[in-house]
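One letter stands for each residue in the lines below.
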Amino acid sequence: MNELVKALLTAIATVAPGLLETWFDTDTEEEAIEKALAAVPEKLTPQWEADREARKARLRAAAGETDGDAS
Amino acid sequence: MTRLALLAVVLALPGCGGSTVMNHARAARTVAQGLSVVRAPLYAAREQALDGVEEAAAGMPIEQGEASIDAEADRWAGVGHWFDVAVEGVRTWLGAVQFAELGGDDGVLGDFARTAIGQYNTLATALRGMGLTFIPPIPETVLDFIFEGDGDE
């Protein structure tokens with residue numbers, strides 16, 4: 001491969017990571033939108049709030065067991 | 001200058017330099033991928049921090065233990081909020097892209113893009129504020145694609 005082309009591809013990959021994958025697809029507009037929607041991650045807060053409550057519940061359960069052991 | 005040269009080269013390649021809808025769909029995908037890259041290490045970092053607090057809380061009176069879990073969870077709630085705002089921003093942007101693809105106005109897409117990218121950058125700032133630097137920057141070339149011709153980017 002021509003050194004210039006190599007250097008150019010390296011520069012593109014360095015300056016714009018992700019572009020090679022995303023911009024070189026030959027999708028229709030609809031397919032491009034579908035791929036973009038599929039790439040959107042889930043929100044964090046609902047999971048984090050459930051996790052917070054689960055941790056507190058574990059703490060209460062452990063304390064209850066300790067109390068039970070002591071009585 | 002280098003960015004402009006690269007943009008010109010990429011636009012000239014087959015499959016590149018598409019319609020406004022196509023460019024926004026691809027740009028939104030790049031931002032969504034950035035959020036996906038962030039999610040797992042962010043989740044893991046909070047998990048590790050809370051595991052430590054929960055372990056320490058096991059030896060405390062129940063109210064004190066719960067308060068320490070709440071305090072640590074609250075410490076992470078800010079970045080969680082900004083992450084969710086950024087996710088919602090990309091979804092809204094893509095909703096506008098879908099509308100444009102169906103024949104709606106594509107002249108408003110730049111506004112949705114600016115909002116979503118602003119929210120992404122706010123998340124990056126919030127993460128850096130917690131010492132977390134694993135969020136990838138949005139490539140400048142992506143911004144060039146979607147704001148090309150706007151004159152203010």
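Remember, it's a predicted structure, so these values are computed and weren't measured experimentally. (Residues numbered from 1 in each chain as written. Chains lettered and ligands numbered in written order. Predicted model: local features only at pLDDT ≥ 70, side-chain atom pairs only at ≥ 80, totals over all residues. Heavy atoms only, no water.)

A. Focus on helix α3 (residues 62-101) of chain B. Residues and elements named next belong to chain B. Taking 1.5 Å per residue, 40 residues should reach 58 Å; α3 reaches 55 Å between its end C-alpha atoms and fits that length. Most pronounced at A77, the bend in α3 amounts to some 35°. One or two steps after α3, the chain reaches G103, where phi turns positive at roughly 110°. (Helix = DSSP H or I, 4+ residues; strand = E, 2+ residues; numbered from the N terminus. Expected span 1.5 Å × (residues − 1). Bend = angle between axes of the 7 residues up to and from the residue.)

B. Seen up close, the packing of α3(B) against helix α4 (residues 109-129) of chain B. Residue and element names in this part refer to chain B. Relative orientation of the contacting elements α3 and α4 amounts to 165°, with a least axis distance of 9 Å. When the interaxial angle is binned, α3 and α4 end up roughly antiparallel. With respect to the hand of their crossing, α3 and α4 are arranged in left-handed fashion. The segment α3 lies against α4, with V79, W82, F83, V85, A86, G89, V90, T92, W93, A96, V97 and A100 engaging L109, F112, A113, A116, I117, Q119, Y120, T122, L123, A126 and L127. Here the residues of the contact of α3 with α4 are counted per class, giving 19 nonpolar, 4 polar and no charged. (Axes fitted to C-alpha atoms, helices over the stretch in contact; angles between N-to-C directions. Parallel < 35°, antiparallel > 145°, perpendicular 65-115°, else oblique. Left-handed = near helix turned anticlockwise from the far one by under 90°. Contact = heavy atoms within 4.5 Å. Nonpolar A, V, L, I, M, F, W, Y, C, P; charged D, E, K, R; others polar.)

C. Region of interest: the side chain of B:E72. Residue and element names in this part refer to chain B. Following the sequence through the fold, E72 ends up in helix α3. The class of E72 is buried, set by a relative accessible area of 13%. Those residues in contact with E72 that lie beyond four places of it in its chain are A49, L50 and V53. (Buried < 20%, exposed > 50% of the residue type's maximum accessible area, 1.4 Å probe, protein only.)

D. Molecular detail of the confidence of the model for chain B. For chain B, per-residue confidence averages 87 on the pLDDT scale, and residues scoring 70 or more make up 86% of the total. Interface confidence in the predicted complex, given as ipTM, is 0.83; pTM for the same model is 0.79. (pLDDT = per-residue confidence, 0-100.)

E. Fine view of the interface of chain B and chain A. Facing 54 residues of chain B, the contacting portion of chain A comprises 40 residues. Taken together, both faces of the contact between chain B and chain A bury some 4500 Å²; the carbon and sulfur share is 65%. For the pair chain B and chain A, the number of links is 10 salt bridges. Its salt-bridge partner being A:R55, residue B:D51 comes within 2.9 Å of it at the nearest N-O pair. Counting across the interface, chain B meets chain A through 18 residue pairs in polar contact (both at pLDDT 80 or more). (Buried area = accessible area lost by both parts, 1.4 Å probe. Salt bridge = Lys/Arg side-chain N within 4 Å of Asp/Glu carboxyl O. Polar contact = N/O pair within 3.5 Å; in protein donor to acceptor, adjacent residues only side chain to side chain.)

F. Highlighting the confidence of the model for chain A. Residue and element names in this part refer to chain A. Of all residues in chain A, 55% have pLDDT values of 70 or greater, and the mean over the chain is 75. When the elements of chain A are averaged for pLDDT, helix α1 (residues 3-15) gives the smallest value, 44, and helix α3 (residues 29-39) the largest, 95. Residue range residues 1-16 is modelled with pLDDT below 50. Its contacts to residues more than four positions away, or to other chains, number 15 contacts.

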